[in-house]
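Residues per chain, in single letters:
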Amino acid sequence: MSISNLYIDQGAEFSTTLVINGSNNTPLTLSGYTITGHIRKTYSSSSYVSFSFELLTGTPGGVEASLTSAITKDMNPGLYVYDIVLKDNTDNSLTRVIEGTANVSPGVTQL
């Protein structure tokens, strides 16, 4: 598992490219896995927003995590926590691969 902190502009599109490594610290082939990731205000918050994921062809273990501007517009400025989890579709095991904080900075321009 790795730690990566995110910086998100309120009201703007957000995306980040991640490379997910396996247990031997080499990029993991992501076929056969389901990727899920949530951002919450606190670890115990019942409400959350979900990342969208797109596998990056030609980049082993590469995935782009994104949020639309409509989602980030509704997020209050401040510090959040997030993680990204892989579900192995063969045995349903779960592995948290990345976690960290997400800092949402307030937007000024309202469209």
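Our subject is the structure listed above.
Residues numbered from 1 in each chain as written. Predicted model: local features only at pLDDT ≥ 70, side-chain atom pairs only at ≥ 80, totals over all residues. Heavy atoms only, no water.

Draft legend 1. View of the overall build of the chain. Scanning the chain from terminus to terminus reveals one helix and nine strands. Its helices and strands taken in sequence order, the chain reads β-β-β-β-β-β-β-α-β-β from the N to the C terminus. In terms of C-alpha radius of gyration, the chain reaches 15 Å, essentially the compact-globule figure of 13 Å for 111 residues. Over its C-alpha atoms, taken along the principal directions, the chain stretches across nearly 45 × 30 × 20 Å. Evaluated residue by residue, the chain yields a buried proportion of 27% over its 111 residues. At a minimum sequence separation of 6, the contacts of the chain that also span at least 24 residues come to 64%. (Helix = DSSP H or I, 4+ residues; strand = E, 2+ residues; numbered from the N terminus. Rg over C-alpha atoms; globule rule 2.2 N^0.38 Å. Buried < 20%, exposed > 50% of the residue type's maximum accessible area, 1.4 Å probe, protein only. Contact = heavy atoms within 4.5 Å.)

Draft legend 2. Representation of the pairing of strand E6 (residues 52-55). Taken together, the four bridges between E6 and strand E7 (residues 62-67) define a ladder with antiparallel strand orientation. Across the sheet, leucine 55 pairs through a bridge with valine 63, a residue of E7. Counting the residues in the hairpin turn of E6 and E7 gives six residues, including glycine 58, whose phi is positive at 85°. (Pairing = 2+ DSSP bridges.)

Draft legend 3. Here's a closer look at the layout of surface pockets. Of the pockets and cavities examined, the largest pocket occupies roughly 260 Å³. If you trace the largest pocket, you find 17 residues lining it, with Ile20, Asn21, Gly22, Ser23 and Val97 closest to the centre. When contributions to the lining of the largest pocket are tallied by element, the ones reaching two or more residues are strand E8 (78-88) and strand E9 (94-105). Take the lining of the largest pocket: its biggest share by element is four residues, from E9. For the lining of the largest pocket, a count of residues per class yields eight nonpolar, seven polar and two charged. (1 Å grid on protein atoms, 1.4 Å probe; cavity = no way out; pocket = protein on both sides within 12 Å on 5 of 7 lines; lining within 4 Å. Points joined across faces, edges and corners; volume = space filled by probe spheres on them. Nonpolar A, V, L, I, M, F, W, Y, C, P; charged D, E, K, R; others polar.)

Draft legend 4. Quick peek at the nonpolar core. Ile39, Phe51 and Tyr82 are the most contacted members of the largest nonpolar core, which totals 21 residues. Mapped by element, the contributors of at least two residues to this core are strand E2 (6-9), strand E3 (14-19), strand E4 (33-40), E7, E8 and E9. (Core = buried A, V, L, I, M, F, W, Y, C linked by side-chain atoms within 4.5 Å.)

Draft legend 5. Seen up close, the environment of isoleucine 35. As for its placement among the helices and strands, isoleucine 35 is situated in strand E4. On the accessibility criterion, isoleucine 35 (17% relative accessible area) is buried. Sequence-wise, isoleucine 35 and phenylalanine 53 are 18 residues apart; in three dimensions their C-alpha atoms are separated by 7.2 Å. Aside from chain neighbours lying at most four places away, what touches isoleucine 35 is Leu30, Phe53, Leu55, Val63, Ile84, Val85 and Leu86.

It is worth stressing that arrangement in space is one thing and function is another; only the former is reported here.
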